[in-house]
Structure formats: C-alpha cells, structure tokens
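# Structural overview for review
Below, each chain spelled out in residue letters.
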Amino acid sequence: MAKSKRAFITGISGQDGSYLSELLLNKGYEVGGLIRRNAIGELGNIEHIKDDIKIYFGDLQSPESIALALLDFKPDEIYNLASLSSPFASFSDKFASIMITGVGALHVFERAKQIVPEAKVYQASTSEMFGVPKQVPQNEATPFSPANPYAAAKEFAHRMAVIGRLDRKQPQFISCGILFNHESPRRGLNFVTRKITAGVACIKNNKKEGIPLNEIGEPIVQNGKIKLGDLNAERDWGYSPDYVEAMWKILQQRQANDFVIATGEIHTVEDFVREAFATVGLDWKEYVVTDSNFVPPVQTGPLQGDASYAKKVLDWEPKTKFKDLVKIMVHYDLAKFS
Ligand code: NAP
C-alpha cells in the first residue's frame, strides 16, 4: 500500500487549521500540527479530531519547538497558518505581530529548509497586504501597501517566502496563498463577522448571561445593542472550508507560486449586518450603534480579489455565496448562544 502523505500545520487549532485538518484527513493524509500550550489545556477547534492528529506543543517564536516537531513528524507538506490574525488587535501589540506573524514565519521556512528540504511549504499571506490598494480588484500583480502592523508582518513573511523560492543555491518550494477574508462558525469572536452573528444570536435568544466578549473585552451585546466600527468598510468575504481547499491545491502544483484566493464579490459591513438580522426576522437598525473605538487607527480597503489566475491554474472556485455564509454563521450561533 502507498505510504500516506504527511502534512504539518502551524496554527492547527485556528479556524483554517481545523478545516484544513479535516480536509487532509479525508484525503488520507497523516496530519500533525503545532499549537501553543494554554493554561486550561483547551484545544479549541480541533477537540473533535484530537485522536486523529499528532499534536506538538510549541510556539512560532521558538525555532527549537518547530525544529523538534519537524524532526519527529517529517512532513511532505507544511502549512504555516499560525499568526496573530487580527489586523485591529495588531495595533495594540505591534512587536508581537512582527515577531510571530513575520519573524515566526521565517523560522518555519528556515527550519523546514534544514530538516525537510524536500517538503512543500504553504505560507498564509493575506489581502491585508494590499492595504489601501492602488487598484480594484486586486490580483497577484497589485503592489502591496500594508496599513496595519499585521499586514506589514505578513508582507515581510511573504517577501521572505519569495526570496526562499528564488534562492539559486537551495531553492525552496514555498507558495503563498493571498487569501481575502474568509469566515465560518469557527472564526474568532474578535472579528467583525462573528461578533455580528454571535450578537444577533444573543439578541434573538434574549440572552442575559454568558454573552461573549468583543475585541476590547466588553460584552458583545450591551443594553440590547451591538457596537460596531465603520459600517461602510468593504470586504470580499468567503467561507473558510472553501478556502482551505485552495491551500491544498496550491501545494499540489509542480512549481511554487503566489495565488489570490477570493470570491470577487464585495460587501459592506452594513450588508453583513442587514443579512444577519434578516436571517432572524429583525431590523438591524434597532440593534446596532457605531462607536469610533472599533474603527482601526488606519483603515484598509476596498479589498476585492480577482482570483482568475487560481481559477485557471488550480481549477478552484468558491462554492459558498455571501448570503449562505451569513446564514451558516447565524444558525450556528443561535444554537451556541441559546
Ligand atoms: P486564527 O483562527 O486566528 O488561527 C491562527 C492560529 O495561530 C491560532 O490557532 C493561534 O493559536 C495560532 N498562533 C498564534 N500565535 C502563535 C504562536 N506564537 N505560535 C504558534 N501558534 C500561534 O486564523 P485563521 O482565520 O485560521 O487564519 C489562518 C492564517 O491565515 C493566519 O495566518 C491568518 O493570518 C491568515 N489569513 C486569514 C484570513 C482570514 O480571513 N481568516 C485571510 C488571510 C490570511 P492561539 O489560539 O493560541 O492564539
């Protein structure tokens, strides 16, 4: 029998890491991953598959922990998904953003080069690198102009990936997926989409206790209202399970390259709010207030992706439409925050 392929995922307990693990397990891969140890020993999004994967405790800031995991697991494919993934939060800890999201990625590339030089590496790049873009929609040729510490760190990692690929002496297979926003019920509660769907669920269920906290540590619903930043901010929102399929396809290519992954559809935060409240038959205007504390110091956008290259080369297309994405998230949260 053919030996199964082995995939190693940093950030395996995050939104994408968990869906990617499920996809790869279904394809017959052996899956291992790096997670940060937390005081209460929770595994987050991978609790339900913990017996099917190999977990290594470590940190992107500890090259030794990455090296030990790679030495033991010897992967054929490495997906570097770990990062401090909130652009908004990156303003309040710029150094951690740079050290984890930027330098941490370089640690992964360098340890992979030493220990498993034949392994193919996927780097989780982001549409946030386009910042305030010079063209709409954005594709692989659009110049980067990051507008937050997260995006600056991701641009550094992206550029180091490209340099690793070009290295004349020891070229490394490092491909970058430049993914536009993608959401799911596993999205962190400090992101606007999940904050909205959790808030809608708490309001609809008339929940008084156990309301989750928002990105600045306050209950998402206060006095029956959700506080949001800029309702006119525009994003291209897809569904995480569709996007992890693109990650896998990117590493099945013969040559390393960069790929924009997006739906190509743009919506405002207000569109998301309206759709989420409409799902439960409520008028959003009665439940939403704007608050400048939730507007980032520097705004990005409009971010709208042109994924035609991925469609052509990877034969990848997003399957889930915007309205369905919102419904999936609201229905999940109605049950979770009941
Ligand atoms: P996520 O849910 O925030 O997952 C990120 C994971 O990284 C978490 O499990 C986190 O662990 C882990 N992590 C953070 N710091 C770490 C460290 N120092 N050492 C080891 N692990 C660490 O993010 P996601 O939505 O799955 O996104 C996956 C990747 O794609 C991220 O790199 C993100 O920046 C990038 N990306 C996401 C989007 C999107 O819209 N979702 C778009 C473009 C790119 P803890 O739970 O311990 O914090």
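The text that follows walks through the structure, step by step, so that each part is easy to find.

Cut-offs applied
Residues numbered from 1 in each chain as written. Predicted model: local features only at pLDDT ≥ 70, side-chain atom pairs only at ≥ 80, totals over all residues. Heavy atoms only, no water. Helix = DSSP H or I, 4+ residues; strand = E, 2+ residues; numbered from the N terminus. Rg over C-alpha atoms; globule rule 2.2 N^0.38 Å. Buried < 20%, exposed > 50% of the residue type's maximum accessible area, 1.4 Å probe, protein only. Near = heavy atom within 4 Å. Polar contact = N/O pair within 3.5 Å; in protein donor to acceptor, adjacent residues only side chain to side chain. Areas by Shrake-Rupley, 256 points an atom, 1.4 Å probe, with all protein chains shown as cover. Nonpolar A, V, L, I, M, F, W, Y, C, P; charged D, E, K, R; others polar. Core = buried A, V, L, I, M, F, W, Y, C linked by side-chain atoms within 4.5 Å. Contact = heavy atoms within 4.5 Å.

Let us look at the overall build of the protein. Along the protein, the regular secondary structure elements total 10 helices and 14 strands. A globule of 338 residues ought to have a C-alpha radius of gyration of about 20 Å, and the protein, at 20 Å, matches this closely. Considering only C-alpha atoms, the protein reaches an extent of 60 × 45 × 40 Å along its principal axes. Here the protein holds 338 residues, and 54% of them are scored as buried.

Taken together, 24 residues lie near the ligand, and Asp16, Arg36, Ser85, Tyr150 and Lys154 sit nearest. Contact distances for the ligand include 2.8 Å between an oxygen atom and a side-chain N or O atom of Lys154. Within the complex, the protein chains bury 86% of what would otherwise be the 900 Å² of accessible surface of the ligand. Of all the elements in the fold, those that place two or more residues in the shell around the ligand are helix H1 (15-26), strand E5 (120-126) and helix H5 (149-166). The biggest single contributor to the shell around the ligand is E5, with three residues. In terms of residue class, the shell around the ligand is built from nine nonpolar, 10 polar and five charged.

Let's shift gears to the nonpolar core. With 33 residues, the main nonpolar core has Leu24, Tyr79, Tyr122 and Ile261 as its most contacted residues. The set of elements that each furnish at least two residues to this core consists of strand E1 (6-10), H1, strand E2 (30-35), E5, helix H7 (240-251), strand E12 (258-261) and helix H9 (308-314). Among the elements that line this core, the one with the most residues is H7, at seven residues. Among all residues touching Leu24, those that are not within four sequence positions of it are Ala7, Ile9, Tyr29, Val31, Tyr79 and Trp248. Membership of the second largest hydrophobic core comes to 31 residues, among which are Ala198, Ala201, Ile220 and Leu325.

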